[in-house]
Number of protein chains: 2
Amino acid sequence: MANSLDTIFAALADPTRRAILSMLLEDDMAVTDVAEPFEISLAAISKHLMILTRAGLIAQEKRGRVKWCKLEPDAMRNASVWMQGFGQFEPVNLDAFERFLETELDSTPE
Amino acid sequence: MANSLDTIFAALADPTRRAILSMLLEDDMAVTDVAEPFEISLAAISKHLMILTRAGLIAQEKRGRVKWCKLEPDAMRNASVWMQGFGQFEPVNLDAFERFLETELDSTPE
DNA sequence: TAGACATTCAACCATTTGGTTGACGATCCC
DNA sequence: GGGATCGTCAACCAAATGGTTGAATGTCTA
């Protein structure tokens, strides 16, 4: 049920949720801290996080009264792989390939 | 306006629309032929095609009374590249990387 | 024990979405 | 010209979505 392309793509379709994912790229965060930069209510953020969780894009773990959110990249990779099936029509697709390599080399120093 | 991640991911979130894209992977098709395998009305299919077009995922061209639909892979690649930024958290991300290379090498014989 | 804090729940609202049906505008062909 | 075919438009409908507010739950701490 999680990881279905339906729920993954639907989750990614919202800019607030994509922004949350980008924030989690930096570090795991508590719900309140996730909500801080946005102008919508905490309850709304809570719903967004629920949708991301059901899609399998993040995982939430409660420690004490704080619920931590962390990225769960597997779901996104499933969707990414599905999409790559459509790249084969381009002459070469070098563009995406290069950027892929760049982020790969660029961001794994440790 | 087309090619925004919002509209692209929203378009991909519907199983009917993903099925249409897969069909177009085989060949360009007329609207009526796109609709044939589905059990919903032609008008509904027409709406789906409009959404895919606005997202930039397909292009439609009218020749005579027939409107041809063809895949437009650039939009999907934009989304794919965005998503690949999230792969870096995996230990290595070799899985997606390999498949990426495979489809790349596998499908560009000409 | 009493607040204060972190988060969700419940009820509600407006808008969007995916579907329907029927009428309509083009276009092809006899 | 007239009928069949291709596709969209318009009006409508039910359900889902993204937001709100206020109350409720659970946990930490003074």
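Further up the page is the structure itself.
Residues numbered from 1 in each chain as written. Chains lettered and ligands numbered in written order. Predicted model: local features only at pLDDT ≥ 70, side-chain atom pairs only at ≥ 80, totals over all residues. Heavy atoms only, no water.

J.: Looking at this structure, I do not really get the overall build of chain A. What am I missing?
T.: A count of helical and extended segments in chain A gives six helices and three strands. The helix and strand sequence of chain A, counted from the amino end, reads α-α-β-α-α-β-β-α-α. Within the span of chain A, comprising 110 residues, buried residues form 39% of the whole. Across chain A, contacts joining residues at least 24 apart in sequence account for 53% of those joining residues at least 6 apart. (Helix = DSSP H or I, 4+ residues; strand = E, 2+ residues; numbered from the N terminus. Buried < 20%, exposed > 50% of the residue type's maximum accessible area, 1.4 Å probe, protein only. Contact = heavy atoms within 4.5 Å.)

J.: Even after reading the chapter, I still don't get helix 4 (residues 42-54) of chain B, so can you show me in this structure?
T.: Given 3.6 residues per helical turn, the α-helix brings residues three or four places apart onto the same face. Residue and element names in this part refer to chain B. Look at helix 4: 18 Å from first C-alpha to last across 13 residues, which is about the 18 Å you get at 1.5 Å a residue. Where helix 4 is concerned, the buried positions are Ile45, His48, Leu49 and Leu52. Down the axis of helix 4, the sector holding all buried residues measures 100°, keeping them to one side. Counted as exposed and oriented over 90 degrees from the buried face of helix 4: Ala43, Lys47 and Arg54. Next to the buried residues of helix 4 lie helix 1 (5-12), helix 2 (15-26), helix 3 (31-35), strand 2 (58-63) and strand 3 (66-71). Glycine 56 sits one or two residues past helix 4 and shows a positive phi near 80°. (Expected span 1.5 Å × (residues − 1). Arc of directions from axis to C-beta.)

J.: Looking at this structure, how should I read the protein's contact with DNA strand C?
T.: Of all residues adjacent to DNA strand C, which total 22 residues, the nearest are Thr32 and Ser46 of chain A together with Ser41, Lys47 and His48 of chain B. Residue arginine 17 of chain B places a side-chain N or O atom 3.2 Å away from a phosphate oxygen belonging to DNA strand C. Mapped by element, the contributors of at least two residues to the surface near DNA strand C are helix 3 (31-35), helix 4 (42-54) and strand 3 (66-71) of chain A together with helix 4 of chain B. With five residues, the top contributor of residues to the surface near DNA strand C is helix 4 of chain B. Classifying every residue of the surface near DNA strand C by side-chain character gives nine nonpolar, six polar and seven charged. (Near = heavy atom within 4 Å. Polar contact = N/O pair within 3.5 Å; in protein donor to acceptor, adjacent residues only side chain to side chain. Nonpolar A, V, L, I, M, F, W, Y, C, P; charged D, E, K, R; others polar.)

J.: In this structure, what is going on with the packing of helix 1 of chain B against helix 5 (residues 73-84) of chain B? I would like to understand it.
T.: The relative placement of two packed helices comes down to the angle between their axes together with the axis-to-axis distance. Residues and elements named next belong to chain B. Axis separation between helix 1 and helix 5 bottoms out at 10 Å; the angle between their running directions is 100°. Here helix 5 runs roughly perpendicular to helix 1, going by the angle between their axes. Touching Leu5, Ile8, Phe9 and Leu12 of helix 1 are Ala75, Met76, Asn78, Ala79, Trp82 and Met83, all from helix 5. Residue composition of the contact of helix 1 with helix 5, grouped by class: nine nonpolar, one polar and no charged. (Axes fitted to C-alpha atoms, helices over the stretch in contact; angles between N-to-C directions. Parallel < 35°, antiparallel > 145°, perpendicular 65-115°, else oblique.)

J.: Explanation requested: the pairing of strand 3 of chain A in the structure shown.
T.: Moving residue by residue along a regular strand, the side chains alternate between the two faces of the sheet. Residues and elements named next belong to chain A. Here strand 1 (residues 29-30) pairs with strand 3 via two bridges, running antiparallel. When the bridges of strand 3 are listed, methionine 29 appears paired with cysteine 69. Both strand 2 (residues 58-63) and strand 3 contribute to a ladder of six bridges, which runs antiparallel. By the bridge assignment, alanine 59 is partnered in strand 3 with lysine 70. What sits between strand 2 and strand 3 in their antiparallel hairpin is a turn of two residues, with glycine 64 showing a positive phi close to 65°. (Pairing = 2+ DSSP bridges.)

J.: Please clarify how the nonpolar core should be interpreted in this entry.
T.: Nonpolar side chains tend to gather and get buried jointly when the protein is soluble and globular. One finds Leu21, Leu49 and Leu57 of chain A together with Leu49 and Leu57 of chain B to be the most contacted residues of the largest nonpolar core, which totals 55 residues. In this structure, leucine 57 of chain A is in contact with Ile8, Ala11, Leu12, Leu21, Leu52, Leu71, Glu72, Ala75 and Met76 of chain A, ignoring residues within four places of it in sequence. (Core = buried A, V, L, I, M, F, W, Y, C linked by side-chain atoms within 4.5 Å.)

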